[in-house]
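# Residue-level structural notes
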Amino acid sequence: MKKIKYLLLLLPLLSGCYNYRELDEIGITTAISIDYDEEFKITAQVINPIKQQDASTSGEPSFVNFSSEGNSLQEAFRSVILESPRQLYGAHLQIIILSEEVVNNHLFEVLDFFTRDPEIRSEVKVIVAQNNESLKSITIQTLLNDLSSSTILDALEAQSKKEGITLEVTINDLTNMYLNPYLEIILPSMIVEGNPIQGEKEENVTETVASASTKIGTTAIFKEGKLLDFLTTEESKMLNLIKGNFVDSILNFNYQEGYITFEPNRVKSKMEAKVKNNKVKIQIEGYAKINEVGTIINLEKIEEIEKIEKFLNEEIEKSVKSTFNSIREKYNTDIFGFQDLYYKTDPHYFKQNCQNWYEEIFPYLEIEVKSDLKLYEKGKTLGGIEYELSLIHI
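Note that the coordinates shown come from a computational prediction; the quantities given were computed from them, not determined experimentally. (Residues numbered from 1 in each chain as written. Predicted model: local features only at pLDDT ≥ 70, side-chain atom pairs only at ≥ 80, totals over all residues. Heavy atoms only, no water.)

Here we take up the nonpolar core. Counting 85 residues, the largest nonpolar core has Ile34, Phe114, Phe338, Tyr342 and Trp357 as its most contacted members. Ranked by residue count, the leading element in this core is helix 10 (residues 302-331), at eight residues. The residues touching Phe338, leaving out its near neighbours within four places in the chain, are Ile242, Met271, Val280, Ile282, Phe324, Trp357, Phe362, Leu365 and Ile367. Ile97, Ile127, Ala129 and Leu156 belong to the second-largest nonpolar core, a separate cluster that totals ten residues. (Core = buried A, V, L, I, M, F, W, Y, C linked by side-chain atoms within 4.5 Å. Buried < 20%, exposed > 50% of the residue type's maximum accessible area, 1.4 Å probe, protein only. Helix = DSSP H or I, 4+ residues; strand = E, 2+ residues; numbered from the N terminus. Contact = heavy atoms within 4.5 Å.)

Structure representation (structure tokens):
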């Protein structure tokens, strides 16, 4: 009987949420930028609840930005309370933008802070700012979305899926790359075009041409934890093709006296390592359609289609090899993940023979590329405009 009484006394302690907070006590944070200059400098984008409740009549901005500094990230974030009446709440965080100084010298602190915080989701995207002006991207008023963080996220997703120039990297992905001794870090980048100070004003969304806008850049590449450079557009595409991150994009190749533009899709890449021969075989499969023809060809002929399909695959094979050799020669960094592939293929041989990766293995690594993309659509114009015009003048 006494045990039952004790249990009844404990019941009130078992109800409710231990970390419960009222909505009017928190600032829902959607984006954060982080820089470092003797101490951490953060800017947080917080949703304006007044605007969200009555967007049509309030006249208030959709979001408010708060900036703070501190010797540690925890101190910087807590110091926001001096400016904001609400404590930052990161469960709805979408984007983290890091300066070059942070990714080069303070990435450990950033990863430790965000992976340790139980409120932060592992799917939060991470981007490198190409310059200090780009850190101001979350302060810019945007036209298509009320929140600049949503604009950046949408642009990142669209470019990753439709352009193939960069890839989406979550805080979880970045942590895995950072902790894996056989992987080099790659991250998407971004820049701000125009005047970011003018872009902070609400007039930026009422003009036909915005004073400032955000733009997703190409892939940022690293070696041994240090940022080296940003790839070109074509290098970024071929890197994603090698790594199997190529979802949908456009490839343009010179053909005869003009060009042909292809749209590959459903592309899959598979890598196989021949560790003892220091060779990697890359198999690329998928489909492609002809989107644009800038030369005289007859697409009604099956032989011509087969000829173009063979040409496309040969050009992809040459482009992949050329990009690999160019990046290796310029940067000597294994952003392709071949070292990790070697280790997973034959761990025992790798530990015995591949420890001096950048001195003895990577400079002499050979790749063999086989592309097998199938053309399945050539558009509504049977022979191409140039070909149809040539028939008229005969």
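The next point concerns a nonpolar patch on the surface. On the surface, Phe108, Tyr178 and Leu179 cluster together to form a nonpolar patch covering roughly 340 Å² of accessible area. Counting through the fold element by element, Tyr178 comes out in helix 7 (residues 171-179). (Patch = residues over 30% accessible without salt bridge, like charges linked within 9 Å, V, L, I, M, F, W, Y side chains within 5 Å. Areas by Shrake-Rupley, 256 points an atom, 1.4 Å probe, with all protein chains shown as cover. Salt bridge = Lys/Arg side-chain N within 4 Å of Asp/Glu carboxyl O.)

With 72% of its residues at a pLDDT of 70 or more, the protein shows a mean pLDDT of 80. Highest mean pLDDT in the protein belongs to helix 11 (residues 338-345) (96); lowest belongs to helix 8 (residues 196-199) (48). (pLDDT = per-residue confidence, 0-100.)

Further remarks concern the side chain of Glu235. Among the secondary structure elements, Glu235 is positioned in helix 9 (residues 233-243). A polar contact of 2.8 Å, which involves the side chain of Glu235, links it to the side chain of Lys330. Not counting chain neighbours up to four residues away, the residues in contact with Glu235 comprise Thr323, Ser326, Ile327 and Lys330. (Polar contact = N/O pair within 3.5 Å; in protein donor to acceptor, adjacent residues only side chain to side chain.)

Before going further, it helps to spend a moment on the packing of helix 5 (residues 107-116) against helix 7. Direction vectors running N to C along helix 5 and helix 7 enclose 130°, while the axes themselves pass 11 Å from each other. When the axis of helix 5 is compared with that of helix 7, the two are oblique. You can see that helix 5 and helix 7 cross each other, and the crossing is left-handed. Judged by residue contacts, Leu107, Phe108, Leu111, Phe114 and Thr115 of helix 5 engage Ile171, Leu174, Thr175 and Tyr178 from helix 7. (Axes fitted to C-alpha atoms, helices over the stretch in contact; angles between N-to-C directions. Parallel < 35°, antiparallel > 145°, perpendicular 65-115°, else oblique. Left-handed = near helix turned anticlockwise from the far one by under 90°.)

Spatial strand order, 10-11-12-13: four strands in an open sheet with mixed pairing. Looking at which strands have only one partner, the edges of the open sheet turn out to be strand 10 (251-255) and strand 13 (366-377). On average, each strand axis in the sheet is inclined to that of its neighbour by 35°, with strand direction left out of account. With eleven bridges joining them, strand 12 (residues 279-293) and strand 13 adopt parallel strand pairing. (Pairing = 2+ DSSP bridges.)

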